[in-house]
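# An overview of the molecular structure
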Amino acid sequence: MKSAILYAGLAATLVLSGCAGSKSIYYWGHYEENLYDMYIAPDNATVEAQVEEMEADFENARAAGKPLHPGFQAHLGFLYFQLGKFDLARRSFESEKAAFPESAVLMDRFIKKLEG
Amino acid sequence: MRRSVVFIGYVLVLAFLSGCATPKDYTAFRQHAPRSVLVLPPLNESLDVKATYGVLSTVTRPLSEMGYYVFPVAVIDQFLKENGLPTAGEMHQIPLSKIHDIIDADAVLYMSVEEYGTKYIILDSSTIVRLNARLVDVETGNLLWDGHVDVRVSASQNYGGGLIGMLVSATVNQVVASSTDQAHGVAAQANTQLLTTSGQGLLYGPYNPNFGIDGQ
């Protein structure tokens, strides 16, 4: 798709994480690709396109039986917020908080902003 | 003469190996045992404007897989920009007390990108990503860990040897490089190596099944 070096990098990443003796904990889907595109190639990562991919990733994670990674629900909630879908945004922020209580202060701040 | 060359080579290999194996001191890390990490956009000391986000976009995965809660990097970036901090340099100046009150992160990962990009040498190219990182405890300001990584991937490493192969790879890579950012893939590798290498990277965090049983 992109370049041999990208693949070599990914392969090396796989080998390295293999060395650590652990399978991946989370389902990752399009997250890293979207983060990169948001800044470097924004036409490939409009808010709508990201939401579509993340909603698909949500289902894929469930099918794979893997938990959503840290920040998934917060990022999705932030996208819903940008689209004016405040109910969905709130639900996503609540989910992030439930899965990762470490995010509670920040998620509560965002939820308050939705109400404000 | 020949024997001394071999000897010097042997010493160099030993120096290299012991350089890699220098044990890190994890005392402060264990003492503070962070659960959550705030990653700020890295400072860019390279010549490529893509460096900051090329690196930021590939740090969440290795850090999360090590067992930490990682705050959503793009959301944080946007949140800080909206609050009057438009650049990575300004974000790195936020007082820890503010990070504690507003985000409640246990630790902050401050990174800088020293080099990022692809260099062309006759018939070959080399993609380089060089990073520095410091993990700082938010409550005390103590340094928990620091690391450095230098990853270089040569185009000729990815193809068969031989001059024709090199010619083809140099051509192919120049064409590819004009439309893509090869350093992005290398940045993923650099972040993984930096954060997860046993004995040099981070200790496992609470979401990793190996938490608390690090050999370090």
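Residues numbered from 1 in each chain as written. Chains lettered and ligands numbered in written order. Predicted model: local features only at pLDDT ≥ 70, side-chain atom pairs only at ≥ 80, totals over all residues.

### Side note on the overall build of chain A
Counting its regular elements, chain A contains six helices and zero strands. Ordered by position in the sequence, the α and β elements of chain A form the string α-α-α-α-α-α. (Helix = DSSP H or I, 4+ residues; strand = E, 2+ residues; numbered from the N terminus.)

### Here we look at the overall build of chain B
Scanning chain B from N- to C-terminus turns up nine helices and six strands. Burial status across chain B gives 44% buried among its 216 residues. Of all intrachain contacts in chain B linking residues separated by at least 6 positions in sequence, the fraction that spans at least 24 positions is 71%. (Buried ≥ 20, exposed ≤ 12 C-beta atoms within 10 Å, placed from the backbone. Contact = placed C-beta atoms within 7 Å.)

### Examining the pairing of strand β5 (residues 124-137) of chain B
Every regular strand shows the same layout, with side chains that alternate between the two sheet faces. Residue and element names in this part refer to chain B. Where strand β4 (residues 107-121) lies against β5, 14 bridges are found, and the strand directions are antiparallel. Within β5, the residue paired with Tyr120 across the bridge is Ser125. Linking two consecutive strands that pair antiparallel, namely β4 and β5, is a turn of two residues; a positive phi of about 65° is found at Leu123 within it. Here β5 pairs with strand β6 (residues 143-154) via eleven bridges, running antiparallel. Residue pairing for β6: Asn132 is matched across the bridge by His148. Hairpin connection between β5 and β6: a loop of five residues separates the two successive antiparallel strands, and Gly141 in this loop has a positive phi of roughly 80°. (Pairing = 2+ DSSP bridges.)

### Observations regarding the packing of helix α4 (residues 72-82) of chain A against helix α5 (residues 86-99) of chain A
Two numbers describe a pair of packed helices, the interaxial angle and the distance between the axes. Residue and element names in this part refer to chain A. The N-to-C vectors of α4 and α5 enclose an angle of 165°; their axes lie 8 Å apart at closest approach. Taken together, the axes of α4 and α5 lie roughly antiparallel to each other. The crossing of α4 and α5 is left-handed. Each of Gln73, Ala74, Leu76, Gly77, Tyr80 and Phe81 in α4 lies in contact with α5, whose residues at this interface are Phe86, Leu88, Ala89, Ser92, Phe93, Ser95, Glu96 and Ala99. (Axes fitted to C-alpha atoms, helices over the stretch in contact; angles between N-to-C directions. Parallel < 35°, antiparallel > 145°, perpendicular 65-115°, else oblique. Left-handed = near helix turned anticlockwise from the far one by under 90°.)

### Here we look at the environment of B:Ala133
Residues and elements named next belong to chain B. Tracing the chain through its elements places Ala133 in strand β5. Distance in space between the C-alpha atoms of Ala133 and Val73 is 16 Å, their sequence separation being 60 residues. Sequence-distant contacts of Ala133, that is, excluding residues within four places in its chain, are made with Leu109, Tyr110, Met111, Asp146, Gly147 and Leu194.

### Description of the environment of B:Asp25
Residues and elements named next belong to chain B. Along the chain, Asp25 turns up in the loop between α1 (2-21) and α2 (27-32). For Asp25, a count of 9 C-beta atoms within 10 Å puts it in the exposed group. C-alpha of Asp25 to C-alpha of Ala188: the two residues are 163 residues apart in sequence and 25 Å apart in space.

### Quick notes on unusual backbone geometry
Residues and elements named next belong to chain B. Of note in the backbone geometry, Ala33 takes a positive phi value of approximately 35° without being a glycine. Judged by the 15 C-beta atoms lying within 10 Å of it, Ala33 falls in the partly exposed class. Of note in the backbone geometry, Asp104 takes a positive phi value of approximately 65° without being a glycine. Secondary-structure assignment places Asp104 in the loop between α7 (96-102) and β4. Owing to 18 C-beta atoms within 10 Å, Asp104 belongs among the partly exposed residues under this scheme.

### Comments concerning helix α9 (residues 182-196) of chain B
The end-to-end C-alpha separation of α9(B) is 22 Å, in line with the 21 Å expected for 15 residues at 1.5 Å each. With 15 of its 15 residues buried, α9(B) lies for the most part within the structure. (Expected span 1.5 Å × (residues − 1).)

### Notes on the confidence of the model for chain B
All names here are of chain B. Confidence along chain B averages 85 in pLDDT terms, with 77% of residues attaining 70 or more. Counting interchain partners and residues more than four positions distant, the pLDDT-below-50 stretch residues 9-19 has zero contacts. For this predicted complex, the interface score ipTM comes out at 0.84, alongside a pTM of 0.83. (pLDDT = per-residue confidence, 0-100.)

### Remarks on the confidence of the model for chain A
Across chain A, pLDDT averages 87, with 81% of residues at or above 70. Low pLDDT, under 50, characterises residues 10-21 of chain A; the predicted model gives this stretch 14 contacts beyond four residues in sequence or across chains.

### What to know about the environment of A:Ala49
Positionally, A:Ala49 belongs in helix α3 (residues 47-64). In this structure the C-alpha to C-alpha distance between A:Ala49 and A:Trp28, which are 21 residues apart in sequence, comes to 17 Å.

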